[in-house]
Number of protein chains: 2
Amino acid sequence: MPIWPPLCESCTAMAGIEPLAVASGGTGTGNEFPNGEMRILGLIGDPVSQVRAPAPMTHRLRHAGLNAALIPLHVPAVVLPLAFGCLKLIRNLDGLVITVPHKIPMAELVDHCSERARLVGAINVARREADSSWSGDILDGVGFVRGLTQSGFNPEGQSAFVTGAGGAGCAVAAELATAGASVRVFDVSSDRASALATRLSRAGYPVTAADAPDPRGFSLVVNATPLGMRADDPLPLDPALLSPEMLVADVVMKPRVTSFLEQARAQGCEIQLGEAVMLYQLDAQMEFFKTSLVAGATAVR
Amino acid sequence: MPIWPPLCESCTAMAGIEPLAVASGGTGTGNEFPNGEMRILGLIGDPVSQVRAPAPMTHRLRHAGLNAALIPLHVPAVVLPLAFGCLKLIRNLDGLVITVPHKIPMAELVDHCSERARLVGAINVARREADSSWSGDILDGVGFVRGLTQSGFNPEGQSAFVTGAGGAGCAVAAELATAGASVRVFDVSSDRASALATRLSRAGYPVTAADAPDPRGFSLVVNATPLGMRADDPLPLDPALLSPEMLVADVVMKPRVTSFLEQARAQGCEIQLGEAVMLYQLDAQMEFFKTSLVAGATAVR
């Protein structure tokens, strides 16, 4: 008796992508995707439709032999505390990737934050620990700096000019400083730039505040403001002040190549796209989540 | 600058399986899987690791041009009301598939039940309606009967003997009767069999209760008890009473071929596996969820 119409070739590929050495042992259903034994990482944001991490992160997880997936969950900002309380109850959900606008409130909702996350005042990853508590970290700066080093730019001993002293600017500045760069931060609100510089330098990071958006003399120039997301945004700084020996980076992901980066390229600069922050942080996310995913898969048996 | 190491062939396949005519329009990210624009159906159970529907259901959704996936969520029984309340808040979650032990309590938690679900007292699918209310239905009997008709057995005018008067027995009996069969139900608790027969016959279904597990003279014999899940379970009825002209079906999915079905096959009977209930209900689930998924994808824009 035919109990199942044959799947087309692409569906067969989807169902059994490749044999997995599932960490938890596994009954073979791990080869199907999605499957009942799969561990879940939720990607929470409001909205969530713009996120790009689910496919590349899920590939990496499966390549690492983890029967897991990163699944977007649109959690409205107004219900975040309630939703997080309930997501913690879902037993096959071992962690969360967190995007706007949940990064700052989630830092208050988890049980523990890394030192780096406390400094930034935000988290973008959270996981269930062995004692069922949840801990958070912020890996945006890590992704940003890994992007630089992967393309051959070692921040050690370099000078970096960062415009924008919000969450992204803070994460980038702290990680650049950790990697050995001296950092100067500008913000249209000079109070905000000073506050960031004070906070980071008190924590031991060589970060100072700039009075003007003048990147001349720096080897790395970073736009860490949201300017560039809209077509009619002004540029974060005057591109005439850029010169070919500078590496110019953006944290804006959409458009992929911002007007600022186009202008930088026109000045002869090397550039780093905003998506590097996400793409180069996937390995760090893997490291962050791995123990929780393996523990979750083991506990279910 | 290389911003992304090339994916292996299977990952490329996973990322871009095939062009989708995403109902909502779509920016192209729908071709990646999973992706941020994807609509979610949750499969809730306690446990959930044994479920097999996520891969075939997700294939069907994507084949139908819907950027959606069925994702297993292990919701502990004790927190079901709270968890359902919160899952309703997740804006890209448009529906739920429900498995043991949530089928009966979920019938109380949704806002509306189909007539069939009220009769069975359980649901196995729930969806968000246009007015944000949630409605439920039970499609197990539908899957069971579609399995029969697909393999050439038309229930109309047939006589069916069903052993087991629980949720599965009730769903199967009601759907067989709807399809034109006369149904006789046996249960080790004769009160339970009588109660089911009374309930279904009051609703207009030709269902009666049997005093003994004697299927002789029936054209269809169904095990709707859980007997057969464990290796040391007794058989639901004496296989010596089966004869080659009977079609013998089981609702137990694990093992795939139960001892009862093996015995039936040894008697020369055609058989239907328990998995048919799940596999042949996928199209009915598609029909049930489609409107909600399309409305959800449209509303997000």
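So, how was this worked out
Residues numbered from 1 in each chain as written. Chains lettered and ligands numbered in written order. Predicted model: local features only at pLDDT ≥ 70, side-chain atom pairs only at ≥ 80, totals over all residues. Heavy atoms only, no water. Helix = DSSP H or I, 4+ residues; strand = E, 2+ residues; numbered from the N terminus. Contact = heavy atoms within 4.5 Å. Areas by Shrake-Rupley, 256 points an atom, 1.4 Å probe, with all protein chains shown as cover. Disulfide = S-S within 2.5 Å. Buried < 20%, exposed > 50% of the residue type's maximum accessible area, 1.4 Å probe, protein only. Core = buried A, V, L, I, M, F, W, Y, C linked by side-chain atoms within 4.5 Å. Pairing = 2+ DSSP bridges. Axes fitted to C-alpha atoms, helices over the stretch in contact; angles between N-to-C directions. Domains from an automatic or database assignment. Buried area = accessible area lost by both parts, 1.4 Å probe. Polar contact = N/O pair within 3.5 Å; in protein donor to acceptor, adjacent residues only side chain to side chain. Left-handed = near helix turned anticlockwise from the far one by under 90°. Nonpolar A, V, L, I, M, F, W, Y, C, P; charged D, E, K, R; others polar. Phe/Tyr/Trp six-rings, centres within 6.5 Å; stacked < 30°, edge-to-face > 60°. Lys NZ or Arg CZ within 6 Å of the ring centre and 35° of its normal.

A. Molecular detail of the overall build of chain A. The number of helices and strands found in chain A is 11 helices and 12 strands. The contacts of chain A with a sequence gap of at least 6 include a subset with a gap of at least 24, amounting to 66%. Of the roughly 12,000 Å² that chain A leaves accessible, carbon and sulfur atoms contribute 54%.

B. Representation of the state of the cysteines in the model. Enumeration according to the criterion identifies one disulfide over all chains in this entry. Linked covalently through their sulfurs, A:Cys86 and B:Cys86 form a disulfide whose S-S length is 2.4 Å. Here A:Cys86 is found in helix H3 (residues 80–87), whereas its partner B:Cys86 is found in helix H3 (residues 80–87) on a different chain. Accessibility expressed as a relative area gives 4% for B:Cys86, which makes it buried. We note that B:Cys113 lacks a disulfide partner, and the nearest cysteine sulfur, in B:Cys170, lies 13 Å from it.

C. Quick peek at the nonpolar core. In this structure, A:Met106, A:Phe144, A:Leu176, B:Phe144 and B:Leu176 are the most contacted members of the largest nonpolar core, which totals 116 residues. Excluding its chain neighbours within four sequence positions, the residues that come into contact with A:Met106 are A:Ile44, A:Leu80, A:Phe84, A:Leu96, A:Ile98, A:Ile123 and A:Ala126.

D. Examining the sheet that holds strand S2 (residues 68–74) of chain B more closely. Residue and element names in this part refer to chain B. Strands sit in the order S2-S1-S3-S5-S6-S4 across an open sheet of six strands; the sheet is mixed. Sheet topology places S2 and strand S4 (112–113) at the edges, where each strand pairs with a single neighbour. Where H3 meets the sheet, its contacts fall on strand S1 (39–45), S2, strand S3 (93–98) and strand S6 (134–137), and the angle it forms with S3 comes to roughly 150°. Packing of helix H11 (residues 282–299) onto the sheet brings it into contact with S1, S2, S3, strand S5 (125–128) and S6, and relative to S5 it is tilted by some 20°.

E. A look at the domain arrangement of chain A. Residue and element names in this part refer to chain A. What the domain assignment lists for chain A is domain 1 (6–138 + 281–299) and domain 2 (141–278). Computed over C-alpha atoms, the centres of domain 1 and domain 2 are 29 Å apart. Taken together, the contact between domain 1 and domain 2 spans 11 residues of the former and 18 residues of the latter. Across the domain 1/domain 2 interface, buried area totals approximately 1,200 Å², and carbon plus sulfur atoms make up 57% of it. Of all residues in domain 1, Arg52, Leu119 and Gln281 give up the largest surface area on contact with domain 2, accounting jointly for 49% of the area buried on that side. Linking domain 1 with domain 2 are four residue pairs in polar contact (both at pLDDT 80 or more). Of all the elements in the fold, those that place two or more residues in the side of domain 1 that touches domain 2 are helix H5 (115–120) and helix H11 (282–299).

F. Structural view of the side chain of A:Gln281. With respect to the helices and strands, the residue A:Gln281 is situated in the loop between helix H10 (275–279) and H11. Excluding residues that lie within four positions of it along the chain, A:Gln281 makes contacts with A:Asn124, A:Leu139, A:Asp140, A:Gly143 and A:Ala276.

G. Representation of helix H2 (residues 54–63) of chain A within the structure. All names here are of chain A. Counting buried positions along H2 gives nine out of 10 residues, so the element sits mostly inside the fold. The complete set of buried residues in H2 reads Pro54, Ala55, Pro56, Met57, Thr58, His59, Arg60, Leu61 and Arg62. Just beyond H2, the residue with positive phi is Gly65, at close to 80°.

H. Representation of helix H6 (residues 140–150) of chain A in the model. Residues and elements named next belong to chain A. Burial analysis of H6 places eight of its 11 residues in the buried class, which makes it a mostly covered element. Of the positions making up H6, those classed as buried are Asp140, Gly141, Val142, Gly143, Phe144, Val145, Gly147 and Leu148. Backbone geometry just after H6 places Gly152 at a positive phi near 95°.

I. Examining the packing of helix H7 (residues 167–178) of chain A against helix H8 (residues 190–202) of chain A more closely. Residue and element names in this part refer to chain A. Between H7 and H8, whose axes approach to 11 Å, the crossing angle comes to 35°. The way H7 lies across H8 gives a crossing that is right-handed. Residue-level inspection shows Gly169, Cys170, Ala173 and Ala174 of H7 in contact with H8, the latter providing Leu196, Arg199 and Leu200. For the contact of H7 with H8, the class distribution of residues is five nonpolar, one polar and one charged.

J. Broad picture of the environment of B:Leu89. In this fold, B:Leu89 is placed in the loop between H3 and S3. For B:Leu89, a relative accessible area of 26% corresponds to the partly exposed category.

K. Inspection of the environment of A:Ala179 at higher detail. Residue and element names in this part refer to chain A. If you trace the backbone, Ala179 turns up in the loop between H7 and strand S8 (182–186). A C-alpha to C-alpha distance of 13 Å links Ala179 and Arg116, two positions 63 residues apart in sequence. In this view, Ala179 contacts Val145, Pro155 and Glu156; residues no more than four positions away in its chain are not counted.

L. Structural detail: the packing of aromatic side chains. Residue and element names in this part refer to chain A. This model, assessed by the stated rule, comprises seven aromatic pairs over all chains. Arranged with centres 5.1 Å apart and planes meeting at 80°, the rings of Phe288 and Phe289 form a pair that is edge-to-face. Residue Phe288 is classed as buried on the basis of its relative accessible area, which comes to 8%. Sitting over the ring of Phe288, Arg127 keeps its end group 4.3 Å from the ring centre.

M. Broad picture of the pairing of strand S3 (residues 93–98) of chain A. Residue and element names in this part refer to chain A. Extensive coverage of S3 is indicated by the burial of six of its six residues. Inspection of the sheet shows strand S1 (residues 39–45) paired to S3 by five bridges, in the parallel sense. Within S3, the residue paired with Leu41 across the bridge is Gly95.

N. The pairing of strand S10 (residues 220–223) of chain B, seen in detail. Residue and element names in this part refer to chain B. Burial along S10 is two-sided: Leu220 and Val222 facing one way and Val221 and Asn223 facing the other are all buried. Alignment of strand S7 (residues 159–163) against S10, held across four bridges, turns out to be parallel. Bridge pairing in S10 links Thr163 to Asn223.

O. Expanded view of unusual backbone geometry. A cis geometry characterises the amide bond from A:Phe33 onward to A:Pro34, with omega recorded as -5°. Topologically, A:Pro34 is positioned in the loop between helix H1 (9–16) and S1. B:Pro101 follows B:Val100 through a cis peptide bond whose omega is 5°. Inspection of the secondary structure puts B:Pro101 in the loop between S3 and helix H4 (103–109). Phi is positive for A:Ser132, close to 75°, though the residue is something other than glycine. Here A:Ser132 shows up in the loop between strand S5 (125–128) and strand S6 (134–137).

P. Geometry of the sheet that holds S3(A). Residue and element names in this part refer to chain A. Pairing in this open sheet of six strands is mixed, and the strands run S2-S1-S3-S5-S6-S4 from one edge to the other. The sheet is open, and its two borders are formed by strand S2 (68–74) and strand S4 (112–113), each paired with just one other strand. Summarising the sheet, S1 and S2 pair through seven bridges and their orientation is parallel. Counted as the bridge partner of Ile40 is Ala69 from S2. Lying on the sheet, H2 is in contact with S1 and S2; it crosses S2 at an angle near 155°.

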